[in-house]
Amino acid sequence: MSGLLLASRTPASWAPSVAGELGALLSDHAHCELKAAASAMTLLRRHGARAGLVARLTPLVREELDHFQRVLRELAARGESLRPDRPSPYTRGLLAAAGEPRRRADGYLGALLVAALIEMRSHERFTRLLEDYIRLCPEQYWWIHQRFKGRPAPLPDLYAAARPAP
Ligand SMILES: [Fe+2]
């Protein structure tokens, strides 16, 4: 838990309004992944001398670019392609409220907070979409949940190290 809270929730009407626009939604998400990588690179450029930052952010840049490629593949699988990026009033508002941290040498904390809030909003919205899809056919969700809640041997348990000792 980050301790940060979103000041408002996405209206329940949002998910149905975008559900029929999967190409636009995926394209927008592809740009979000690309911007996440770009933001991490900007942090590295401006604050890379901070202890541990290069070691933490370099894999993040790769991961976000991998996400970008995955979303592009999803678009292609649906016969869609990347659309032009659209300005985000939400992001613009956050950056303005934080005093445009990307443009300031002392904007490290502000840039991290803006990035965290953007990730939280994205997570909230995808959760809302997922919940709406689950409600359409909950038995399929339960099947998938049962199927993927663990990994059959000999695949390693990816979450073993994260679990507290009994
Ligand atoms: Fe990502």
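These numbers come from a predicted model, not from an experiment. (Residues numbered from 1 in each chain as written. Predicted model: local features only at pLDDT ≥ 70, side-chain atom pairs only at ≥ 80, totals over all residues.)

(A) Examining the overall build of the protein chain more closely. A tally of helices and strands in the protein chain yields six helices and zero strands. In sequence order, the secondary structure elements of the protein chain are arranged as α-α-α-α-α-α. When its C-alpha atoms are laid out on the principal axes, the protein chain stretches across 50 × 45 × 30 Å. Classification of the 166 residues of the protein chain by burial places 11% in the buried group. (Helix = DSSP H or I, 4+ residues; strand = E, 2+ residues; numbered from the N terminus. Buried ≥ 20, exposed ≤ 12 C-beta atoms within 10 Å, placed from the backbone.)

(B) The packing of helix α4 (residues 89-97) against helix α5 (residues 108-136), seen in detail. Taken N-terminus to C-terminus, the directions of α4 and α5 make an angle of 150°; their axes are 10 Å apart at the nearest point. One finds that α4 runs roughly antiparallel with respect to α5. For the element pair α4 and α5, the recorded crossing hand is right-handed. Together, Tyr90, Thr91, Leu94 and Leu95 of α4 and Val114, Leu117, Ile118 and Arg121 of α5 make up the contact between the two elements. (Axes fitted to C-alpha atoms, helices over the stretch in contact; angles between N-to-C directions. Parallel < 35°, antiparallel > 145°, perpendicular 65-115°, else oblique. Left-handed = near helix turned anticlockwise from the far one by under 90°. Contact = placed C-beta atoms within 7 Å.)

(C) Local environment of the environment of alanine 37. Looking at where alanine 37 falls in the secondary structure, it is placed in helix α2 (residues 22-47). Overall, alanine 37 belongs to the buried group, with 20 C-beta atoms counted inside 10 Å. It is 7.4 Å that separates the C-alpha atoms of alanine 37 and arginine 62, two residues lying 25 residues apart in sequence. With residues up to four places along the chain from it excluded, the contact list for alanine 37 reads Val61, Glu64, Leu65 and Phe68.

(D) Expanded view of unusual backbone geometry. Of note in the backbone geometry, glutamate 100 takes a positive phi value of approximately 50° without being a glycine. Tracing the sequence through the fold places glutamate 100 in the loop between α4 and α5.

(E) Region of the structure containing the packing of α2 against helix α3 (residues 53-77). Two elements in contact, α2 and α3, have axes separated by 9 Å at closest approach and are oriented at 165°. Classified by the angle between their axes, α2 and α3 sit roughly antiparallel to one another. Once α2 is placed against α3, the crossing between them reads as left-handed. Here the contact of α2 with α3 is composed, by residue class, of 19 nonpolar, five polar and three charged. (Nonpolar A, V, L, I, M, F, W, Y, C, P; charged D, E, K, R; others polar.)

(F) Expanded view of α4. Here α4 lies mainly on the outside; zero of its nine residues are buried. Once α4 finishes, glycine 99 follows within two positions and takes phi at roughly 80°, a positive value.

(G) Fine view of the nonpolar core. Counting residues in hydrophobic clusters, the biggest one holds 13 residues, and the most contacted among them are Ala36, Ala37, Ala40, Leu43, Phe68, Ala111 and Val114. Those elements that provide at least two residues to this core are α2, α3 and α5. At six residues, the largest contribution of residues to this core is made by α2. (Core = buried A, V, L, I, M, F, W, Y, C linked by C-beta atoms within 7 Å.)

(H) Summary view of the environment of histidine 47. Positionally, histidine 47 belongs in helix α2. Linking histidine 47 and tyrosine 108, residues 61 residues apart in sequence, is a C-alpha distance of 7.1 Å. Ignoring anything within four residues of it in the chain, the contact list for histidine 47 reads Leu53 and Tyr108.

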